[in-house]
Every structure is written in structure tokens, then in C-alpha cells.
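# Topology and contacts: notes
Residues per chain are reported as follows:
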Amino acid sequence: MKTADGNILKPKSPAGLKQLPRTFGPLAILIGLVIILSLLTPRFLTTSNLINLMLLFPIPLILAIGSHFVIQTGSIDLSVEGVMAVAGVVTAMFVHNSLTSLDWGVGGIAMGVLAGAALGALNGFIYVKGRIPSFIVSLGLSLACIGLATIMYGGNPISIYDRELQNLIIGRTLGVPTIFWWGLAFFLLMLVAERYLPLSNHIRAIGGNELIARQAGVNVNRVKLAVFMLAGACYGLGGALNTVRLTIGSSDTVSGFLFSTITSVVVGGTALTGGRGSVTGVLIGVLIIQIINNGMILLSLNPYLQAAVQGAILIAAIAVTINRRKAQFVK
Amino acid sequence: MAHEVLVSMRNIVKRYPGTVALDGANLEIRRGEIIGLLGENGAGKSTMMKILVGYETPDGGEMLVGGKKVQFRSTREAMAYNIGMVYQDQALLPNLTVLQNLFLGYEHLFTRGGFIDHRKMKQTGREILDMMRLHCSLSDEVEALPLSTRELLEIGRLLWLSEISGRPPVIVLDEPTTVLDSNEIRQLFDIVRSIRDKAGIIFISHHLQEVLDLVDRVVVFRDGRDIASLPARDLTVAKIQEMMIGRELNTEYYLVDKQREPSERVVLEVKQLTVHGKFQDISFQLREGEIVSLVGLDGSGKEEVCRAIFGALKPDQGDVLLFGKRLNLKRPDLAIREGIGYVPQNRREEGAFQHLDIAANVTVTLLEKLAKLMFLPRKKGLQLAREWIEKLRVRASSPHMLIRQLSGGNQQKVILAKWLASDIKVLILDHPTRGIDVGAKEEIYRLLRNLADQGVAILMMCDSLEEDIGLSNRLLVLKDGRLTQEIDSPADRKPSVLEVIRAL
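We now turn to the structure provided with this report. Worth saying up front: this structure is predicted, and the values here are computed from it rather than measured.

Once that is clear, we can look at the pairing of strand 22 (residues 482-488) of chain B. Residue and element names in this part refer to chain B. In this structure, strand 21 (residues 474-479) lies alongside strand 22, joined through six bridges in antiparallel fashion. Considered in strand 22, the bridge of Lys479 is made with Arg482. Connecting strand 21 to the antiparallel partner strand 22 that follows it, the hairpin turn spans two residues, and Asp480 within it adopts a positive phi of roughly 45°.

So, on to the sheet that holds strand 13 (residues 266-275) of chain B. All names here are of chain B. The strand order across the open sheet built from four strands is 14-13-16-17, with neighbouring strands paired in antiparallel fashion. Of all strands in the sheet, those with a lone pairing partner are strand 14 (279-287) and strand 17 (325-326), marking the two edges. Inspection of the sheet shows strand 16 (residues 317-322) paired to strand 17 by two bridges, in the antiparallel sense. The residue of strand 17 that forms the bridge with Leu321 is Arg326. Most of the contacts of helix 9 (residues 302-310) go to strand 13, to which it runs at about 115°, and overall it touches strand 13, strand 14 and strand 16.

This part covers the pairing of strand 20 (residues 457-461) of chain B. Residue and element names in this part refer to chain B. With five of its five residues buried, strand 20 lies for the most part within the structure. Both strand 15 (residues 291-295) and strand 20 contribute to a ladder of three bridges, which runs parallel. Paired with Ile291 across the two strands is Ile458, which belongs to strand 20. Chirality of the crossover, the property in question, places the unit of strand 19 (residues 426-430), helix 16 (residues 438-453) and strand 20 among those that are right-handed.

All names here are of chain B. Positive phi, close to 60°, is recorded for Asn82, a residue that is not glycine. When you line up the elements, Asn82 lands in the loop between helix 2 (75-80) and strand 6 (83-86). You can call Asn82 buried: it has 23 C-beta atoms within 10 Å. With a phi close to 55°, Leu255 is a non-glycine residue in the positive phi region. Of the residues examined, Leu255 has 16 C-beta atoms within 10 Å and is grouped as partly exposed.

Let us now look at the environment of Glu40 of chain B. Residues and elements named next belong to chain B. Structurally, Glu40 can be placed in the loop between strand 3 (33-38) and helix 1 (45-52). Sequence separation between Glu40 and Phe221 is 181 residues; the distance between their C-alpha atoms is 7.7 Å. Apart from the residues lying within four places of it in its own chain, the contact partners of Glu40 are Met244 and Ser464.

Residue and element names in this part refer to chain B. For helix 9, the buried fraction is high: nine of the nine residues fall into the buried class. Within the span of helix 9, buried status applies to Lys302, Glu303, Glu304, Val305, Cys306, Arg307, Ala308, Ile309 and Phe310. Trailing helix 9 by a residue or two, Gly311 shows a phi angle of about 90°, which is positive.

This part covers the nonpolar core. Counting 156 residues, the largest nonpolar core has Val86 of chain A together with Phe203 of chain B as the members making the most contacts within it. Setting aside its immediate chain neighbours within four residues, Val86 of chain A contacts Ala115, Leu119, Cys145, Leu148 and Ala149 of chain A.

A pair of packed helices is captured by two measures, namely the crossing angle of their axes and the spacing between those axes. Residue and element names in this part refer to chain A. Two elements in contact, helix 6 (residues 106-130) and helix 12 (residues 220-246), have axes separated by 6 Å at closest approach and are oriented at 145°. Crossing geometry of helix 6 relative to helix 12 is assigned as right-handed. Here the residues of the contact of helix 6 with helix 12 are counted per class, giving 19 nonpolar, nine polar and one charged.

Conventions and cut-offs
- Residues numbered from 1 in each chain as written.
- Chains lettered and ligands numbered in written order.
- Predicted model: local features only at pLDDT ≥ 70, side-chain atom pairs only at ≥ 80, totals over all residues.
- Pairing = 2+ DSSP bridges.
- Helix = DSSP H or I, 4+ residues; strand = E, 2+ residues; numbered from the N terminus.
- Contact = placed C-beta atoms within 7 Å.
- Axes fitted to C-alpha atoms, helices over the stretch in contact; angles between N-to-C directions.
- Buried ≥ 20, exposed ≤ 12 C-beta atoms within 10 Å, placed from the backbone.
- Right-handed = clockwise from strand over helix to strand, strands pointing away.
- Core = buried A, V, L, I, M, F, W, Y, C linked by C-beta atoms within 7 Å.
- Left-handed = near helix turned anticlockwise from the far one by under 90°.
- Nonpolar A, V, L, I, M, F, W, Y, C, P; charged D, E, K, R; others polar.

Below is the structure:
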């Protein structure tokens, strides 16, 4: 549409502001958080607390990056906990344990990842082929998986005897928990994938506008399937590591991971409407959430209040990351 | 100067339920030639283009690309032959960078062992920007770019695709100038001319002078057929207009003998209504029993004027008075309460509750009046729906039939019934006969005449100027958001379509 003076429909963007990378906001929050916490409690910036954080954050990071790719397409995957449970129990059954006579070592973790990828593929398949909203499919799958995992070990949680394997997680390498290096390697791998794989362009394109992406020649269904499978593999890896760390194969060890995963992804700047966000942003988001949780414990905040804070953070983060003026209806 | 024939469309037929959009249309696209495709709304030119780019499949006729017979089932298949459309509503992703957009779906041409070679990709990207004489950066997000740049990027992408396949592209530019200012239009035209030798180009625009300035050949569509194909230098705007219309008004069809003289009483008065960027200073009156048509090209702002009066678009300035009383234009439900009805263009999404039955749709605006102590007397609602089904001859077996089970014409009748039942003073109709077959159209015309007889003031926009002229007492011409002219259209002295077209 054009009027006498012509260019009314030109998008207005303050040139200076848009030059800032999108991770700037979350990064500023992270830095502010570190400063505030180190002022509030002397126990925050101590070696033991930092090592504790390094031990804690890799698993949420792996989960969040998997979830991030799904959210970037504009879908959502709520199967985190169910897939983790099944993968954890599968891993427990394949390493030296109380239920079976297998002893596959690291191979057990690989089995957990495979189980996760298979469940992710199933999740994506039902969503894409059945045309059922991803949020329902993944929520249903998660519940089904928790049940399945519990049946697999018959109610008696599996004990893991493989201390060597556990050492690969909680043991030290170069002075810090070994799992920190796992997390770092995983992050770098995903950073490379994000930059150099055509798939990452296609994921963002689908999140931007599925129809345009299809017209441009993106195989939308295949990308969606791949993304759900990747997410499942991530949850599988997270579940496997979680199980080995706790040396227990049980579906009770996964509660709380879904909420912190989604919150981290959103806090890191990935819009729930899709198309925005980066792996680096997710890293920052995970750090923010882990440090907030850590800080609240150090400050001995009432646990119920902690939950309330976490909920408030999720809502606030969504309010900031979604451009609600563009949305005609909110459902 | 035209050379090799790139695409030849012969005897193309396309039927939609109730109408024939294309009735044996032909089009030949040659390399090195810019074709101006012209015709009124509904003449079939956009359907022809949709078939060309694989968005629709024809019901008859054949299409040859490079002498070979083809049948596209998707836009992707047409793209494989380098046939593509640059849409006015943008086919780039705002959340990706220029570089990502340029090569979306074709990244594999730049990969080594599955990984993107960014250096190679950027180099090709820069070549495209240079060719299109664009000064944006490859890392700019498309969201931040002006629409003209986005259009040129799309064209650049199509040209590049054709280069790598070694086949000259066919590029359809659908109303590319509506979003551009005059400088940007000049830039676009320069570039289109500079790529002329490499491609076959089809240019669609409502601004006839613009078309004559740019194109080599003009093809005119009318009633689903190509009726003329002439070199642009032999043509004038007036000549093209004559070709585009060429039919006498059928006064019987539009029930012109039933047209009544409106009374002197003013029902609705619009005073200096303005929505920034859409329209300015619109003032007019609607009298009792009067039918008034808003006419104007795409982007003239007529749809927005109607939406503003109904409260669906918030005006920045101005007032709307109903029987001298100022209306609150904040929300549609306030307009409805005052007695203003609105029939939107988009039946499926805005006009009716597709998943509800006829009874619910007819009574939805009456709920408050029908309700007793907050409870709805279902029997009364059904009774009412039955009455209207009979009165409007809606083809439905019962009032419980769902709206989506009805044909377009019958859906529209139910929507009208909703307003008829709720005793309105003003009815606004946005393309009331779009996608409706001929028989149902006549019944809708009759309904409009009856409404006018009852004293309802009607404001509308139609699918063709003929319909506008045939039905209305008066036409208001909108141009670039301003009311530029009023044309009387009394029953005994209907203006000609040509007369109205010249005013647009």
C-alpha cells in the first residue's frame, strides 16, 4: 500500500539497536546475576560451589539444546522426562547392574542414546504423519514412557555397580568434573552443526514461515522428523548420564527436568513461536537457570518459594521473547 | 526483438465450483520480452499465473516448456524449470539473513562433505547483490530491509537458480510496485530491463501507464480468455481500458428496475475519518435505502474504510455518526449493538462459524435479545433459523446442518440472514459475491434490493465494476487513501464501466 509520500510500509528499525547480537540481553542478565550473587553470599564464588555447578549444568545443557532445535521450528517437545526415564533404565540394564548380567560400560550409554533417538523418531513420526499437535503427542509419549520405564525394571529400581563408568562423570579431569568436558564437547559439536549444516538453516526457515520454506524447496517433514529425533537422542544422552551419575535406574530420577529445560531455552532467547535463537543463547539460558537455582539454595530460600520463582521466570521470559504485537490471537 | 519461445500455454481451462475462471486461454512467453498482463479482477489473469507457476493445475489445455509438454503439480516442480513468481506479499523469511534466504533449499550446492563452505556461498551471494545493484549486507536480517530490496533479492534468487541450471527463467512479477515508492519503482524497472535478455518476464500491475512504460507486449484477458496481444508501443492507456471491458451492462441481471430512490434521511455519516497509512479524510453520507459502492484499485484503502466503520480497525481521527449520534468505534460488538452489520470478504475465516450449525450462526448476533435470564431458548432459535432458511431459500435439509457443509452461495445467505434477523440500519459488504455461482449471485442481489426497500443503508465493494455500477445508487472513488470522486448511478442513467475505470 502506498500513499502520496510513498514509504509508509517500510519497516522501521533503530539502526543502532539492531546491531547488538540477540544474545546480549541474556548475557547481561547472566553477568548481573553472578555479580549480585557474589555480593549476597560469600559461598557463591568458592571453588567447591563452582565445581558443583560444573557438575550440575552439563545434563540440563544437553537437554536444552535438543529441545531448542524443536522449539526453533515452532513446535514443542514435552517428552523430555519420559524419554530420559526410558533411556536411563535402558542404560542401567546394559551396564554392570543388579537386574541383568550385561556389562557394556560406555556402550550402555550409547544404548540409552539410541533408545532416546528411537523415541524421538516415533514422537516426530506421529506428529508429522498423524498431523497431531506436537505438544499433545510429546506430552502423551512422555507419560507412556514413564510407565514403560517403570514396567521395565518391575518396580525395583536398578542399581548400577559400574564405578569406573560413574567416574567418567563425577570424577575429575584437569581439575574439574569430567562431565563438564562431556558438556563442553557436546556444545562445540552443536555449535559447528548450527553454523555449517544446511539443516540448521532449514530449521530456522520452518520456524519463520513453514509455507515459504516449503516453496523455497525445504523438505519440511523430513526436517521436523530429524529435529525430533535429534531432540530424543539428546534426552537419551541426558537420561543415560543422569542414571550413571546417580547409579540408579529408575523413573523417579527425572522429575523437574522438563520445566528447567523449557525455561532455559526460552530464557536463552529462543522464541516459542519459532525461528529465533541460537545454541550460544541456550548455553547462557542454562547457566542463568542453574545459577538462579544454585543461588536460591545458597540463600536457603524456602523450597516452595523457589518453585514460585522458577514459574515466574518462565512467564517473564516468554513475555520478553515473543513479539506479541504481531500475534493476532493468543490461545 | 522476441526470440526463442520459453513457455507456451495453450487453450487452458480452469473451473472452480460454479464458475469458469479460464475458458481456453493462451499465452506465449518468449526470452527477451517483457509481457504486461492486463485484465479486470476476475478476468482470469491471476488464475493463469497460478497455473504457470504450479500453484494450480488446469482442467484442460496444454503447457509446453522449451517445446516439451509439462504438467506441474507443485510450485517446486515449476521451480525446477525456473518458472517462479515474485509475490507482493513476500516469499522471503524475515528471520533469516540475506545470505540464508538467497540459497535456502539449495545449500547443498555449497557444501563440502556435508558442511557449508561459507566463503564460496558468500562470494556467490555478493555476485547476486552486485547484479541486482543492491547495497545491503549479506548478514542483514531480511526483516530490517525495505520491501523493494526484498523484491529485488527474490528476483536475484530466481536469476541465480536459472543460471546454475542453464535454462532461462520465467519470472512473474505480481503487482510488484504496490509496495514501492517512485524511486524504488524506477530502480526495479531498470533492473528488470537489464535482465530482459536473460529471461522471460511477465509483469502484472493495475497502473496501466506503468505497464506501458515498462513492457514490450501487452496481453489483455477478459472473461477467462486472452483477447488481445499487441506491441506496447502501439497502445495507449485509453485503448487498453476499452479492451479490458467491452461489454454492455446487463441491467436485468442486476435488477436495476428494482433500484429505489433513497429517501432524504441520512442514516450514516462519516466525517473526516483517517487511519494513518491507510486512508485520510474520508467523508460521506449514506441515506435510508441507499446502496453505495466504494471503488478503487488494490491498495486504495476501501477495505480499510469499511473495517474502520465497523470498529474492526481503530481510526486515528474522524467520526462516524448513526442518525446523528456519534459511534464508539472501539470494537465490532459496539457497532453491532448500534445496528451496523458487516459481511466480510473472507467467509471461511471471518464470516461464519464453520463448525457450528445454521441455527447457531443465524442467532449469534441475537443472543442477547433472545435470551431469557441468561438462558437461550433453543426452540425459538431453531424456529427463527427455519424461517430464514425458507425465506432465503438456503439449500439445507435442517437448521442443524453445519455451515461448512453448505456451498459458498448458501453460506453467504446464512451470513446475510444473521444480519437480516437482527434488524440492522447499515450493512457493509466486502465482496459479497466472491466465489459464488451465478444462480446464488442473483438471489443475493435480490436480497440486497429487499434490504434497501426496508430502508437499510448499504455500503459495499464488489468483485467487478459492472456489479458495483449495476447494484448501487452511487459510487465513491477512492485513490491512494483519498476520496477523489463521486459518481451517480441512478437506474435510468447508469455510468459506463469505462467512465468509472477512468476515474480510478
